[in-house]
Amino acid sequence: MSESVSEAGTAAAAEPAYDPAAPAPLNIPRTPTGDAGVDAVLERLADAGHLATDGHTEVYEDVHRGLRDALTALDARPGPPVPDRHPTAAPR
């Protein structure tokens with residue numbers, strides 16, 4: 001009887017216990033956007049798969065901040081001049 005107990009104990013010790021908070025690759029595909037800055041920010045999402053779940057929030061907040069900054073930068077870029085919608089009347 002002691003042999004069967006020791007074999008069962010050895011088998012249980014060999015199997016790692018399931019830990020839902022342990023790091024696990026997420027394997028979420030990321031399609032390139034064509035914008036190098038945005039793509040670099042989105043690549044940061046891959047880091048979440050190497051962290052325990054309590055570390056995901058930091059990664060997601062970092063990605064959100066980077067995407068928000070990229071959108072804000074679009075508003076700051078000067079565009080082509082906008083034609084005057086109400087041209088002044090030509091002098092008579």
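Here the structure is a predicted model, which is why all the values come from computation and not from measurement.

**Q** Run through the environment of Arg44, naming residues and quoting values.
**A** Here Arg44 shows up in the loop between helix 2 (36-43) and helix 3 (56-76). With a relative accessible area of 23%, Arg44 lands in the partly exposed category. Once the C-alpha coordinates of Arg44 and Gly66 are considered, the two residues, 22 residues apart in sequence, prove to be 9.9 Å apart. Here Arg44 is in contact with Glu58, Val59, Asp62 and Val63, once residues within four sequence places are set aside. There is a polar contact of 2.8 Å between the side chain of Arg44 and the side chain of Asp47. Only 2.6 Å separates the side chain of Arg44 from the side chain of Asp62, close enough to count as a polar contact.

**Q** How would you summarise the nonpolar core if you had to cite specific residues and measurements?
**A** Across soluble globular proteins, nonpolar side chains have a tendency to be buried as a group. Core analysis: the largest hydrophobic core is formed by six residues, namely Val38, Val41, Leu42, Ala48, Val59 and Val63. Counting only elements with at least two residues in this core, the list comes to helix 2 and helix 3. With three residues, the top contributor of residues to this core is helix 2. What Val38 contacts, discounting residues up to four positions off in sequence, is Thr33, Leu67 and Ala70.

Rules of the game
- Residues numbered from 1 in each chain as written.
- Predicted model: local features only at pLDDT ≥ 70, side-chain atom pairs only at ≥ 80, totals over all residues.
- Heavy atoms only, no water.
- Helix = DSSP H or I, 4+ residues; strand = E, 2+ residues; numbered from the N terminus.
- Buried < 20%, exposed > 50% of the residue type's maximum accessible area, 1.4 Å probe, protein only.
- Contact = heavy atoms within 4.5 Å.
- Polar contact = N/O pair within 3.5 Å; in protein donor to acceptor, adjacent residues only side chain to side chain.
- Core = buried A, V, L, I, M, F, W, Y, C linked by side-chain atoms within 4.5 Å.

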